[in-house]
Amino acid sequence: MRARSFFLSTLKEAPADADIVSQQFMIRAGMIKKLAAGVYTYMPLGLRTIRKIEKIIREEMDRAGAVELLMPIVQPAELWQESGRWEKYGPELLRIKDRHGRDFVIQPTSEEVVTDIARQEIKSWRQLPVNFYHIQTKFRDERRPRFGVMRGREFTMKDAYSFDRDEAGASRSYDIMFDAYQKIFRRLGLMFRAVRADTGAIGGSRSHEFQVIADTGEDLIAYAPESDYAANIELAEAFSVLSGREEAKETMEKRATPGKEKCELVAEYLGIDLLRCVKSVVLAADRTDEKGDPLPAKIVLVLLRADHELNEVKAGHLPELKEGFRFATDEEIVATFGSKPGYLGPVGVSEDVAVYADRTVADMSDFCCGANEEGFHLTGVNFGRDLPEPQVADLRNVVEGDRSPDGKGTLKLQRGIEVGHVFYLGTKYSEALNATYLDENGKPQVLQMGCYGIGVTRLAGAAIEQNHDEKGIIWPASIAPFEVVICPMNYAKSEAVREAADKLYEDLKARGVDVILDDRDMRPGVMFADWELIGVPHRVVIGDRGLKEGAVEYADRRNLAEKVMVKTDEAVDFLLGKLGR
């Protein structure tokens, strides 16, 4: 490719609403253009990277035995109603009507459609296992689209769906996809972790996220340096930080704490250690009667040590909260506890309130908590003496230094960007849509399913978040829009430079290198700044001075300060070596 016949459009400054590095650099490098909130045009430079990501994904999916098809973006509402997700998915599901008033959705994912295919096409056990995948546009109506391609409304995703006879077969399909994903992300040149994860709205049981490690990542990952344990913080198991409950040494005492609504203020005012304080979190689960009329919400009191934070995913697994929950309103809190928030505690609460203590709280003695009376707290509180023993559950986020769940060392935390997710779905969708096959005995059996997604366009943003400097993007060679850029000095004026640049360009093309020759009439500084911003991994500068010495200048985008002079007749082999060919 020659720059004059391509389309390059770079900017010196990013728009004011570009929040993160990948968004800023993709806009400045002319890779994307914003059309609407969370909706982007992929310009020629950006599309080259997207297509390279897709190519790697396709090659590894095909190698793993998956079969590509293409499912529609617009899907009939009937399938979503049949699965139950028409009501459950929420406002992120973009719903539309056609001219006849029939309901459709703009797909965020394709479980319903692929299950409909399976129930029509898979008749016998002899057709199993099978894994269908496609790379298709998706739309999720995010409330706050932001961060460019990292959290857009329209995006490209690879989603695959496996169908098996039984759980053992589904587990094998899961493992095949897990291995394929590891190969994909290694080929993409990204540093990543596969972490245990919650299944979320998709449903199912076994689940792993693939997280690209980046300081700007929205997700927090807990991992053990001494082992291969890694989990999203939503799922990482948190043990008690205490070795067990000590004997009670204090008498429960009601103490005035005027205006002290935070545990830190209470501890300071009473002169006690913050780690002896328990905070109360009040959750509510809405209910209806048999007619569908609203009933008073079920109130759940969660107890955490003052320095720990509630893990809402874990709370959502409590029996009373499995169907969904919210934080209780001030009115509900006052009606239930007789006090406004800031002074709540588990002593003397109604039996109608479900009380759960985090594992650490369950091991505490002589602790401080709210007295359920404004301006007062209790000290010297002990379970079994001053209040009933609570129900105990893992309810908090892990922190650095916690014991690793696999028993090997302690946990550390790092940030990551979710770019892939694999789920074992079981029969969640196949049962709802009655997708069955006939076994060897001619009896119908429900299909076992797996679901496997990769955010194709999000990967481009994640790669930049992990690979950049103050000058711009530093692409891994496998997904860079171009592998090599040739920057000739005075291309239009110097015949020697032009001949050398053209020859190197043609020789590299003949060897299968994705190379661009910058034949634009630009000053060297502007040309270099463009390619440093765009992030092409390998740069060759050709000038009259170097040619007189029989050499060209090479620079690696990751280390621009170290320039190497390479003999002109050795430049092709030198670059092939840098590209690992």
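See the structure above.
Let me sum up the structure you'll find in this document. Bear in mind the structure is a predicted one, so any value in this text is a computation, not a measurement.

1. Here we look at the side chain of H421
No. 1: Tracing the chain through its elements places H421 in strand β21 (residues 412-426).
No. 2: At 2.6 Å, the side chain of H421 forms a polar contact with the side chain of S207.

2. Some thoughts on the sheet that holds strand β5 (residues 94-97)
Hydrogen bonds between backbone groups are what pair the strands of a sheet, and the pairing can be parallel or antiparallel.
No. 1: With respect to topology, 3 strands assemble into an open sheet ordered β4-β6-β5, the strand pairing being antiparallel. Lying at the two open borders of the sheet, with one neighbouring strand each, are β4 (74-76) and β5. Strand-to-strand, the axes of this sheet are offset by a mean angle of 40°, without reference to chain direction.
No. 2: Summarising the sheet, β5 and strand β6 (residues 103-106) pair through 4 bridges and their orientation is antiparallel. Residue I96 lies in a different strand from β6, and its bridge partner there is F104.

3. Examining the pairing of strand β30 (residues 551-556)
No. 1: Sheet topology note: the strand β29 (residues 538-542)/β30 ladder contains 4 bridges and is antiparallel. Opposite R539, over in β30, you have A555 as the bridge partner.
No. 2: Relative to strand β31 (residues 559-567), β30 runs antiparallel, the two sharing 6 bridges. Its bridge partner lying in β31, V552 is registered against V566.
No. 3: The hairpin formed by β30 and β31 contains 2 residues between the paired strands.

4. Quick notes on the packing of helix α1 (residues 21-28) against helix α12 (residues 456-466)
No. 1: Relative orientation of the contacting elements α1 and α12 amounts to 105°, with a least axis distance of 8 Å. Accordingly, the angle class assigned to the pair α1 and α12 is roughly perpendicular. Across from V21, S22, F25 and M26 in α1, the residues of α12 making contact are A460, G461, I464 and E465.
No. 2: Grouping the constituent residues of the contact of α1 with α12 by class yields 5 nonpolar, 2 polar and 1 charged.

5. Topic: the pattern of salt bridges
No. 1: Enumeration over the complete set of coordinates arrives at 47 salt bridges.
No. 2: Close ionic contact of E111 with R85 constitutes a salt bridge, the shortest N to O distance being 3.0 Å. Of this pair, E111 sits in helix α5 (residues 111-121) while R85 sits in helix α4 (residues 85-88), placing them 26 residues apart in sequence. The exposure classification of E111 matches that of R85, with both residues buried.

6. A short note on the sheet that holds strand β27 (residues 484-488)
No. 1: Spatial strand order, β28-β27-β29-β30-β31: 5 strands in an open sheet with mixed pairing. The strands lining the two open edges of the sheet, one partner per strand, are β28 (515-517) and β31. Taking the axes of each pair of neighbouring strands and ignoring which way they run, one obtains an average angle of 25° across the sheet.
No. 2: In the packing of helix α13 (residues 495-510) onto the sheet, the strands contacted are β27, β28 and β29, and the crossing angle to β27 comes to about 170°.
No. 3: Set on the sheet, helix α14 (residues 524-534) makes contact with β27, β28, β29 and β31; between it and β27 the angle comes to about 175°.

7. Description of α14
No. 1: Within α14 the residues assigned to the buried category are M527, F528, D530, W531, E532, L533 and I534.
No. 2: Directly beyond the C-terminal end of α14, a positive phi value near 90° is found at G535.

8. As for helix α9 (residues 330-337)
No. 1: Residues E332, I333 and F337 constitute the buried set of α9. Buried positions in α9, seen along its axis, are confined to an arc of 100° and lie on one side of it. α9 presents E331 and A335 as exposed residues on the side facing more than 90 degrees away from its buried surface.
No. 2: Taken together, the buried residues of α9 touch β14 (278-288), β15 (294-305) and β16 (326-327).
No. 3: Where α9 ends, the next residue or the one after it, G338, has phi of about 75°, a positive value.

9. Things to note about the environment of D406
No. 1: Here D406 is to be found in the loop between β20 (391-393) and β21.
No. 2: Along the primary structure D406 and P524 are separated by 118 residues, whereas in three dimensions their C-alpha atoms are 56 Å apart.
No. 3: Polar side-chain contacts of D406 include one of 2.6 Å to the side chain of S404.

10. A closer look at the packing of aromatic side chains
No. 1: This model, assessed by the stated rule, comprises 12 aromatic pairs.
No. 2: With centroids separated by 5.7 Å and ring planes inclined at 80°, the aromatic side chains of W80 and Y89 adopt a geometry described as edge-to-face. With respect to burial, W80 and Y89 carry one shared label: buried.
No. 3: Measuring from centroid to centroid gives 5.3 Å for Y181 and F210, while their planes differ by 55°, and the two rings are tilted. Placement of Y181 in helix α6 (residues 167-187) and of F210 in strand β10 (residues 207-213) is noted, with a sequence separation of 29 residues between them.
No. 4: A relative accessible area of 0% means that Y181 is categorised as buried.
No. 5: F210 gets classed as buried once you look at its relative accessible area, which sits at 0%.
No. 6: These aromatic residues form a ring-pair network of at least three members: F178, Y181, F185, F192 and F210.
No. 7: Between R193 and the ring centre of Y223, over which it is positioned, the NZ or CZ distance is 4.0 Å.
No. 8: Over the ring of F528 we find R539; its NZ or CZ atom is 4.3 Å from the centre of that ring.

11. Some details on the packing of helix α2 (residues 44-63) against α6
No. 1: As a packed pair, α2 and α6 sit with axes 9 Å apart at the nearest point and diverge in direction by 150°. Classified by the interaxial angle, the pair formed by α2 and α6 is roughly antiparallel. Every pair of crossing elements has a handedness; the one defined by α2 and α6 is right-handed. Here I56, I57, E59, E60, M61 and R63 of α2 come into contact with α6, specifically with M177, A180, Y181, K183, I184 and R187.
No. 2: In terms of residue class, the contact of α2 with α6 is built from 7 nonpolar, no polar and 5 charged.

Analysis parameters
- Residues numbered from 1 in each chain as written.
- Predicted model: local features only at pLDDT ≥ 70, side-chain atom pairs only at ≥ 80, totals over all residues.
- Heavy atoms only, no water.
- Helix = DSSP H or I, 4+ residues; strand = E, 2+ residues; numbered from the N terminus.
- Polar contact = N/O pair within 3.5 Å; in protein donor to acceptor, adjacent residues only side chain to side chain.
- Pairing = 2+ DSSP bridges.
- Axes fitted to C-alpha atoms, helices over the stretch in contact; angles between N-to-C directions.
- Parallel < 35°, antiparallel > 145°, perpendicular 65-115°, else oblique.
- Contact = heavy atoms within 4.5 Å.
- Nonpolar A, V, L, I, M, F, W, Y, C, P; charged D, E, K, R; others polar.
- Salt bridge = Lys/Arg side-chain N within 4 Å of Asp/Glu carboxyl O.
- Buried < 20%, exposed > 50% of the residue type's maximum accessible area, 1.4 Å probe, protein only.
- Arc of directions from axis to C-beta.
- Phe/Tyr/Trp six-rings, centres within 6.5 Å; stacked < 30°, edge-to-face > 60°.
- Lys NZ or Arg CZ within 6 Å of the ring centre and 35° of its normal.
- Left-handed = near helix turned anticlockwise from the far one by under 90°.

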